[in-house]
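Listed below, chain by chain, are the residues.
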Amino acid sequence: QLVESGGGLVQPGGSLRLSCGASDTIFKIYNMAWYRQAPGKQRELVARITRLRSTNYADSVKGRFTISRDNAKKTVYLQMSDLRPEDTAVYYCNTDPPKLGVDFGSWGQGTQVTVSS
């Protein structure tokens, strides 16, 4: 029910745009968010967006990342700029708070972002 894409290998200072496709039901009902999990660390919230497009960001990405949503395409985006090695992680989207993999369904497969020279 969640399909993330857009990750890859990028040099420090570079940019990537992640996309997440969701089912119609999920998109209509829930606020959405991007999360990430770095090796050896717990999954953390990166950015959230409400159905009315209010946004909120983790302090570590504020000013560098932008979350958006296209309700017609049922897609959530994460535009990432000025990427740093510490942004390296698997990025996941889910509802906010997470429902898939908690109350029903499962987390998506995620998309790997690697920031390295």
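Keep in mind that what you see is a predicted model, and the values were worked out from it rather than measured.

What counts, and where the lines are drawn
Residues numbered from 1 in each chain as written. Predicted model: local features only at pLDDT ≥ 70, side-chain atom pairs only at ≥ 80, totals over all residues. Heavy atoms only, no water. Pairing = 2+ DSSP bridges. Helix = DSSP H or I, 4+ residues; strand = E, 2+ residues; numbered from the N terminus. Axes fitted to C-alpha atoms, helices over the stretch in contact; angles between N-to-C directions. Buried < 20%, exposed > 50% of the residue type's maximum accessible area, 1.4 Å probe, protein only. Phe/Tyr/Trp six-rings, centres within 6.5 Å; stacked < 30°, edge-to-face > 60°. Lys NZ or Arg CZ within 6 Å of the ring centre and 35° of its normal. Contact = heavy atoms within 4.5 Å.

K.L.:
Talk me through the sheet that holds strand β8 (residues 75–80); I want residue IDs and the actual numbers.
P.N.:
Spatially, the four strands line up as an open sheet ordered β1-β3-β8-β7, and their pairing is antiparallel. Unpaired on one side and paired on the other, β1 (2–5) and β7 (65–70) mark the two borders of the sheet. Pairwise comparison of adjacent strand axes, ignoring direction, gives a mean angle of 15° for this sheet.

K.L.:
Can you explain unusual backbone geometry? Please cite residues and give values.
P.N.:
Here the residue pair Asp96 and Pro97 is connected by a cis peptide bond, since its omega of -5° sits within 30 degrees of zero. By the element assignment, Pro97 lies in the loop between β9 (89–95) and β10 (111–115). Backbone geometry places Lys74, a non-glycine residue, at a positive phi of 55°. Within the secondary structure, Lys74 is located in the loop between β7 and β8. Taking the relative accessible area as the measure of exposure, Lys74 reaches 26% and is therefore partly exposed. For Asp82, which is not glycine, the phi dihedral falls at a positive 50°.

K.L.:
Before we move on, can you summarise the packing of aromatic side chains with the specific residues and values?
P.N.:
Both the distance between ring centres and the angle between the ring planes are used here to describe each pair of aromatic rings. All chains considered together, the criterion is met by two aromatic pairs. An angle of 85° between the planes, with centres 5.4 Å apart, marks the rings of Tyr35 and Trp107 as edge-to-face. Of this pair, Tyr35 sits in strand β4 (residues 32–37) while Trp107 sits in the loop between β9 and β10, and the two are 72 residues apart along the sequence. A residue is classified by how much of its surface remains accessible, and Tyr35, at 6% relative accessible area, is buried. For Trp107, a relative accessible area of 21% translates into the label partly exposed. A network of ring pairs unites the aromatic residues Tyr35, Tyr92 and Trp107 as a single cluster. The residue whose ring lies beneath Arg43 is Tyr92, and the NZ or CZ to ring-centre distance is 4.5 Å.

K.L.:
Give a detailed account of the environment of Ser19, specifying residues and quantitative values.
P.N.:
Residue position: Ser19 is located in strand β3 (residues 16–22). Overall, Ser19 belongs to the buried group, its relative accessible area being 17%. A C-alpha to C-alpha distance of 9.9 Å links Ser19 and Trp34, two positions 15 residues apart in sequence. Beyond its immediate chain neighbours, meaning those up to four positions away, Ser19 contacts Val3, Glu4, Ser5, Trp34, Thr75, Val76 and Tyr77.

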